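# Inside the fold
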Amino acid sequence: MILKNRKKKRLMMRTVILGIFGVVVGFVLFQSFTKDAAVVKAGDTAPDFKLKTLSGETVQLSDYRGQGVFLNFWATYCKPCEEEMPYIENQYQAFKDEGVKVLAVDVGENALTVSSFVERKGMTFPVLMDKREELLDAYGIGPIPVTFLVDENGKVVDRITAGLTESQIRDYMERIKPEKWRDSNG
């Protein structure tokens, strides 16, 4: 009788443990599938957003339709981000009158820190503040820097998940230059 009760308890304990394990595995799989579904990739329409700039202006991505957008997610503490900022600035100056705009989205930092960095680096393109990292989540971004190339129709041409050299930035901006600029200047 005692032996039978022990076997029942062991069987019940194994069943409970196996059930908990199954729930955990199911949850992990669910999380990974839903997370992948939220990642914005080439061919997708870039999710629209409204964010404030350092100077307090509201910027909406859809206002840039008809132009190529070099959408860069960065932070002041990110070494590759810091290294690519002068290159982005140089190419912004070269392409801004050819229908290519830069939107640099700082993620999770305060305005004072970002403002000091922007001034030190001489950045003249719009710097947007994603203080609560909502846009980071909407685009499915993990580690930064991440850059999205958005064409004149609002479609993502490419998603780059690494720091960039100046020649890479120039080539990427050339890829998103609107058709009318390619025809007249190319």
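Scope of this entry: the structure provided in the associated data block. Because the structure is predicted, anything quoted here is derived from the model rather than measured.

Okay, the nonpolar core next. Counting 49 residues, the largest nonpolar core has Phe70, Phe73, Tyr139 and Phe148 as its most contacted members. Sort the elements by how many residues they give to this core and strand β4 (residues 100-107) lands first, with six residues. Setting aside residues no more than four positions away along its own chain, phenylalanine 70 makes contact with Ile88, Lys101, Val102, Leu103, Thr147, Phe148, Leu149, Leu164, Ile169, Tyr172, Met173 and Ile176.

This paragraph deals with a positive patch on the surface. Taken together, Arg6, Lys7, Lys9, Arg10 and Arg14 make up a surface patch of like positive charges. A residue is classified by how much of its surface remains accessible, and arginine 6, at 53% relative accessible area, is exposed.

Bridge count for strand β1 (residues 50-53) against strand β2 (residues 58-60) is three bridges, and the pairing is antiparallel. Counted as the bridge partner of leucine 51 is valine 59 from β2. The pairing of β1 with strand β5 (residues 127-130) spans two bridges and is classified as antiparallel. In the strand pairing of β5, threonine 53 is matched with leucine 128.

Summed over the entire model, instances satisfying the criterion amount to six aromatic pairs. Ring centres 5.1 Å apart and planes at 35° place the aromatic pair tryptophan 74 and phenylalanine 117 in the tilted group. Taken together, the positions of tryptophan 74 in strand β3 (residues 68-74) and phenylalanine 117 in helix α3 (residues 111-121) put the pair 43 residues apart, joining distant regions of the chain. Like phenylalanine 117, tryptophan 74 is buried. Here the aromatic rings of tyrosine 92 and phenylalanine 125 are separated by 5.7 Å at their centres, their planes lie at 80°, and the arrangement is edge-to-face. Of this pair, tyrosine 92 sits in helix α2 (residues 79-95) while phenylalanine 125 sits in the loop between α3 and β5, and the two are 33 residues apart along the sequence. In this pair, the class of tyrosine 92 matches that of phenylalanine 125, namely buried. Taken together, the ring pairs connect Phe49, Phe73, Tyr139 and Phe148 into an aromatic cluster.

Rules of the game
- Residues numbered from 1 in each chain as written.
- Predicted model: local features only at pLDDT ≥ 70, side-chain atom pairs only at ≥ 80, totals over all residues.
- Heavy atoms only, no water.
- Core = buried A, V, L, I, M, F, W, Y, C linked by side-chain atoms within 4.5 Å.
- Buried < 20%, exposed > 50% of the residue type's maximum accessible area, 1.4 Å probe, protein only.
- Helix = DSSP H or I, 4+ residues; strand = E, 2+ residues; numbered from the N terminus.
- Contact = heavy atoms within 4.5 Å.
- Patch = residues over 30% accessible without salt bridge, like charges linked within 9 Å, V, L, I, M, F, W, Y side chains within 5 Å.
- Areas by Shrake-Rupley, 256 points an atom, 1.4 Å probe, with all protein chains shown as cover.
- Salt bridge = Lys/Arg side-chain N within 4 Å of Asp/Glu carboxyl O.
- Lys, Arg positive; Asp, Glu negative; His and termini not counted.
- Charge placed at Lys NZ, Arg CZ, Asp CG, Glu CD.
- Pairing = 2+ DSSP bridges.
- Phe/Tyr/Trp six-rings, centres within 6.5 Å; stacked < 30°, edge-to-face > 60°.

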